[in-house]
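# Examination of the molecular architecture
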Amino acid sequence: MDYSGGSLLWILYAVSLVYLGIFAGKEGRKLVVWPFVIAAVTLFNPLLIRFIASKLHVLRRVPRLYWLLIYYIVIAYAFVHLIGRLRKRWMQAAAFAAAAALIICLGNPVFAAETGFPYSMPENTSFVSGRVIELCNIYHSEGIAEPKVLYESELMQSVRTYDPSIRSEATRDLTVTLEQKGYVKESVEEDIDRMTIVEVFFLENYDVPTEGFLEALKARQIDYVTTRNGSGQDAYMALCGMKMAGMTGEYHVWKTGVNNG
């Protein structure tokens, strides 16, 4: 019911499978019925697929597998097969009218729904968490078209996926090298500004003078810095004299003043 949007067309799907299994012969069973049986034992087996999905941490994506059912095609195939078996033209016309009536009565209206047009493009097509959406809204709250943001590497992929217009100071290469020993000496020694940012934000060296950190942010054209509430980063940004642009339940967003003084 959830997958079909509350319509009862899934009933026709079940009836179509039974009909094709009985009357469509070997070819029909091979084309439609057996693929469903195999999928029911594997992909749609709740004990099996939920166990695997939980281990892969994709349990919320299991309902997307129902797209593999393509039950509209099965229903259409069953009706065409049934109508084709009838010899009289008037019987075929009557069967066609009955099939159309069933689909209309059991399906959901598209252009004449009681509560208005029910379908629209989803706002969150990337299915990212609410915290990412809140942060992206804050980054655009001052009208900067392509803000550059300094945030923890954990947010990099989800923010980029949801809103590509937001530029990240953290990059994939930076994230990888952060996990390696001797990072500062080997990776960013030639870039003093970036090394200063790495020292403070990623390596949490709060002995770096705030003036030097602010100069580094300005040189790198960073508009916002995102810190976890109550963290050492949070206290350091406050010590720098930054003003807060917004907050979520988990993060504070500080504005550097690069674009608006």
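Cut-offs used in this document
- Residues numbered from 1 in each chain as written.
- Predicted model: local features only at pLDDT ≥ 70, side-chain atom pairs only at ≥ 80, totals over all residues.
- Heavy atoms only, no water.
- Patch = residues over 30% accessible without salt bridge, like charges linked within 9 Å, V, L, I, M, F, W, Y side chains within 5 Å.
- Areas by Shrake-Rupley, 256 points an atom, 1.4 Å probe, with all protein chains shown as cover.
- Salt bridge = Lys/Arg side-chain N within 4 Å of Asp/Glu carboxyl O.
- Helix = DSSP H or I, 4+ residues; strand = E, 2+ residues; numbered from the N terminus.
- Pairing = 2+ DSSP bridges.
- Contact = heavy atoms within 4.5 Å.
- Axes fitted to C-alpha atoms, helices over the stretch in contact; angles between N-to-C directions.
- Buried < 20%, exposed > 50% of the residue type's maximum accessible area, 1.4 Å probe, protein only.
- Left-handed = near helix turned anticlockwise from the far one by under 90°.
- Expected span 1.5 Å × (residues − 1).
- Arc of directions from axis to C-beta.

Before going further, it helps to examine a nonpolar patch on the surface. Taken together, the side chains of Leu 8, Trp 10, Ile 11 and Val 15 make up a nonpolar region of the molecular surface, amounting to roughly 340 Å² of accessible area. Examined against the element boundaries, Val 15 turns out to sit in helix α1 (residues 9–23).

Moving on, we come to the sheet that holds strand β1 (residues 148–150). Read across the sheet, five strands follow the order β2-β1-β3-β5-β4 without closing on themselves; strand pairing throughout is mixed. At either end of the open sheet lies a strand with only one pairing partner, and these are β2 (167–168) and β4 (243–247). Relative to strand β3 (residues 224–228), β1 runs parallel, the two sharing two bridges. Within β3, the residue paired with Val 149 across the bridge is Tyr 224. Sitting on the sheet, helix α12 (residues 232–239) touches β3 and β5 (251–255), and the angle it makes with β3 is about 140°.

This part takes up the pairing of β5. Counting buried positions over the five residues of β5 gives four, a clear majority of the element. The pairing of β4 with β5 spans four bridges and is antiparallel. What sits directly across from Lys 243, in β5, is Lys 255.

The contact between α1 and helix α2 (residues 25–41) brings their axes to 8 Å, and the two run at 145°. The crossing of α1 and α2 is left-handed. For the pair formed by α1 and α2, the contact residues are Tyr 13, Leu 17, Leu 20, Gly 21, Ile 22 and Phe 23 on the first element and Gly 25, Arg 29, Val 32, Val 33 and Phe 36 on the second.

All right, on to helix α5 (residues 89–106) then. The terminal C-alpha atoms of α5 lie 26 Å apart, and with 18 residues this matches the ideal 26 Å at 1.5 Å per residue to within 8%. Restricting attention to buried positions, one finds in α5 the residues Ala 95, Ala 99 and Leu 106. Down the axis of α5, the sector holding all buried residues measures 55°, keeping them to one side. Set apart from the buried face of α5 by more than 90 degrees, the exposed residues are Arg 89, Trp 90, Phe 96, Ile 104 and Cys 105. Close packing links the buried residues of α5 with α1 and α4 (71–85).

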